[in-house]
2 protein chains.
Amino acid sequence: MKIIIDAMGGDQAPLAPVEGGLRAVKELGVEVIFTGQELAIRDSLKRLGHQDLPQGVELVPASEVITMEDNPARAFKDKKDSSMTVGLNLLKEGRGDAFVSAGSTGALLSGATLVIKRIRGIRRAALAPVIPTAVGNTVLIDSGATAEGSPEYLLQFAFMGSYYAKRFLGVQEPRVGLLNIGAEPSKGLDLQRAAYGLLQQADQEGRIRFVGNIEGREAVCQGVDVLVSDGFTGNIFLKTIEGTALFMSQCMKEMFLSSTKSKLCALAMKNEVAGLKKRFDAAEIGGTPLLGISKPVIKAHGSSSAYAFLNAARQAREVASSGIIEDITANVEYMRLPDPEKAK
Amino acid sequence: MKIIIDAMGGDQAPLAPVEGGLRAVKELGVEVIFTGQELAIRDSLKRLGHQDLPQGVELVPASEVITMEDNPARAFKDKKDSSMTVGLNLLKEGRGDAFVSAGSTGALLSGATLVIKRIRGIRRAALAPVIPTAVGNTVLIDSGATAEGSPEYLLQFAFMGSYYAKRFLGVQEPRVGLLNIGAEPSKGLDLQRAAYGLLQQADQEGRIRFVGNIEGREAVCQGVDVLVSDGFTGNIFLKTIEGTALFMSQCMKEMFLSSTKSKLCALAMKNEVAGLKKRFDAAEIGGTPLLGISKPVIKAHGSSSAYAFLNAARQAREVASSGIIEDITANVEYMRLPDPEKAK
């Protein structure tokens, strides 16, 4: 198994991706290819104690870097020698089994769609982060790859999310919920009402396990295995969880710092507080696969640490080896609208 | 000032609304009218130590109760002698200055729209709860009164939310943000892009203070004074905050119960934990006004305690006395689309 890592993507590049990649070689037994500016990568390797490329590590130079200022839709074409473009081309050519990048989400999505292509029949790729909820973990799909939704996209997201939950989270029969503003089938906008019908039908045919609409509140504090949404709503949902968790953590911190007594408690409960923090830590999961793309592409969080890159590499290995892409490919026919006229 | 209270609405009715109403008479110096089943209300009064109607308290009997099982759009017409319908008619006739109900949101919205009517020129009423954020408090408008959005609705929500933040929260120049999935004006769906233009124009004319798009994360952990959204997205946002706050509270509770040491800390930090809890407690705010209705109608939370009803009555007094409805009425002409053809 060989994982291609964009060494120039993310706030802490190239040190964090390089260190994460080295740990992946050591701890996961994979090989890695770093793409990016050779001098910068070699400098990071030196800072980590390596004068030369260690066993299992390759370096493919790329002179350019795609930044957040680049137009996501054009970046991949404008910067042909970027670490991201070079990495995606290596994946296309079969020089590696999966690609990990913490660079611009939009550029990665455009690049993956243009270079690697979607699985035949899949209308849109989706971002499917695993988020902590009361059931443990929930696959949210789509968290913002495609803002506009269609009933068919949502049906495809439900299938793709189910395969991912099955293979990656080990859930035998993933329960799929539709993110909505009420439980009844009539709730929501036209999009949700139409998607509800398609999901119900797929459930009746035994292809997915649809448990109905689920509100934002229950989606977090009760949870399902797969939460289906258009990208706009999914992104609002995800960012709101992040914001609330951050805000409450700050309030909790203030609480622990408010008096001498509470400071002593904070000290006494150090491990418990760390455990709570870990439960909400994005680095534990690693990254977000671009489901629907025909080869494994993993988006790591922009602020990824070396540890987060290690986990993203682990996730890349999982997506590459577990048959998720084969599952989706084999079942595309069940994810289409009956009437091709309606399929946008 | 006389507040009409639906004594049959909410999980703890009639005891909680009756007790809350009595506290409002005592603590706020207002008069109240209870609507609902006479025997049940008198029984609650007796349980609170009153054999007769105390000074400042009236009772207007209504034999029916609108439940969550009733069709919201029809409930108001089907149950003409319900506590909600009778209350709204009293408000219409000028027998009271504001109406508070913890009953079905949908039924209250339909009833208020049909009996009290919207302010002339206002296209849709909106629910505008005050939510705790890093800036203290944010008016979210709309949190779900109207699922479907239009750019003009959002423009009107921005104005109404601003007047409410000014009068109710005492913010001089409320900063208005548009809930979206990115900061750039091009982000979001057609709805957000069109609304962005209208809000920017209103800002340039000096009528509101529009600070741009705001993502779910920043909306909570940085915060604006008024957060504008279509009802679908606003409802997802609100419920997700509630769910995350509840989930994290449960995790925190588990943390404090995990060992003898942490249990001792929980005991030692009792007041601090209570303070944190209070900060996120919906009862502190009271209820949610139906902005855009031509008289003050306040929706109290279904689970409202007596204390929550007291705060809802306080809020009703505020909406009735502070000139919010007059503000909206006087400025409706600035909240319309230039081309009446586009106004849906």
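On a predicted model such as this, the values are computed, not experimentally measured, just so you know.

### Focus: the side chain of Thr133 of chain B
So, step 1. The topology assignment puts Thr133 of chain B in strand β6 (residues 130-133).
So, step 2. On the accessibility criterion, Thr133 of chain B (1% relative accessible area) is buried.

### With respect to the packing of helix α10 (residues 260-268) of chain A against helix α10 (residues 260-268) of chain B
So, step 1. Where α10 of chain A contacts α10 of chain B, the two axes come as close as 10 Å, and the packing angle between them is 160 degrees. Comparing the axis directions of α10 of chain A and α10 of chain B gives the class roughly antiparallel. For the pair α10 of chain A and α10 of chain B, the crossing hand works out as left-handed. Taken together, the residues of α10 of chain B that come into contact with α10 of chain A (itself represented by Lys261, Cys265 and Ala268 of chain A) are Lys261, Cys265 and Ala268 of chain B.

### Comments concerning the interface of chain A and chain B
So, step 1. Each partner contributes to the interface: chain A provides 50 residues, whereas chain B provides 50 residues.
So, step 2. Summed over both sides, the interface of chain A with chain B buries roughly 4700 Å², with 76% coming from carbon and sulfur.
So, step 3. On the chain A side of the contact with chain B, Phe232, Phe247 and Met248 of chain A bury the most area, a combined 15% of that side's loss.
So, step 4. Where chain A touches chain B, the interface holds six salt bridges.
So, step 5. Between Glu148 of chain A and Arg193 of chain B there is a salt bridge; the shortest N-O distance is 3.9 Å.
So, step 6. Here chain A and chain B share 10 residue pairs in polar contact (both at pLDDT 80 or more) between them.
So, step 7. Those elements that place two or more of their residues in the side of chain A that touches chain B are β6 (130-133), α7 (190-204), α8 (216-221), α9 (231-257), α10 and α11 (270-279) of chain A.
So, step 8. Tallied by class, residues from the side of chain A that touches chain B come to 26 nonpolar, 14 polar and 10 charged.

### Focus on the sheet that holds strand β9 (residues 209-214) of chain B
One key point about sheets: their strands pair by backbone hydrogen bonds, in either a parallel or an antiparallel sense.
Residues and elements named next belong to chain B.
So, step 1. Strand order in the open sheet formed by five strands is β6-β7-β10-β8-β9, and the pairing between neighbours is mixed. On the outer flanks of this sheet lie β6 and β9, each paired with one strand and no other. On average, adjacent strands in this sheet sit at an angle of 30 degrees to one another, irrespective of strand direction.
So, step 2. With four bridges connecting them, β6 and strand β7 (residues 136-141) associate as antiparallel partners.

So, how was this worked out
- Residues numbered from 1 in each chain as written.
- Chains lettered and ligands numbered in written order.
- Predicted model: local features only at pLDDT ≥ 70, side-chain atom pairs only at ≥ 80, totals over all residues.
- Heavy atoms only, no water.
- Helix = DSSP H or I, 4+ residues; strand = E, 2+ residues; numbered from the N terminus.
- Buried < 20%, exposed > 50% of the residue type's maximum accessible area, 1.4 Å probe, protein only.
- Axes fitted to C-alpha atoms, helices over the stretch in contact; angles between N-to-C directions.
- Parallel < 35°, antiparallel > 145°, perpendicular 65-115°, else oblique.
- Left-handed = near helix turned anticlockwise from the far one by under 90°.
- Contact = heavy atoms within 4.5 Å.
- Buried area = accessible area lost by both parts, 1.4 Å probe.
- Salt bridge = Lys/Arg side-chain N within 4 Å of Asp/Glu carboxyl O.
- Polar contact = N/O pair within 3.5 Å; in protein donor to acceptor, adjacent residues only side chain to side chain.
- Nonpolar A, V, L, I, M, F, W, Y, C, P; charged D, E, K, R; others polar.
- Pairing = 2+ DSSP bridges.

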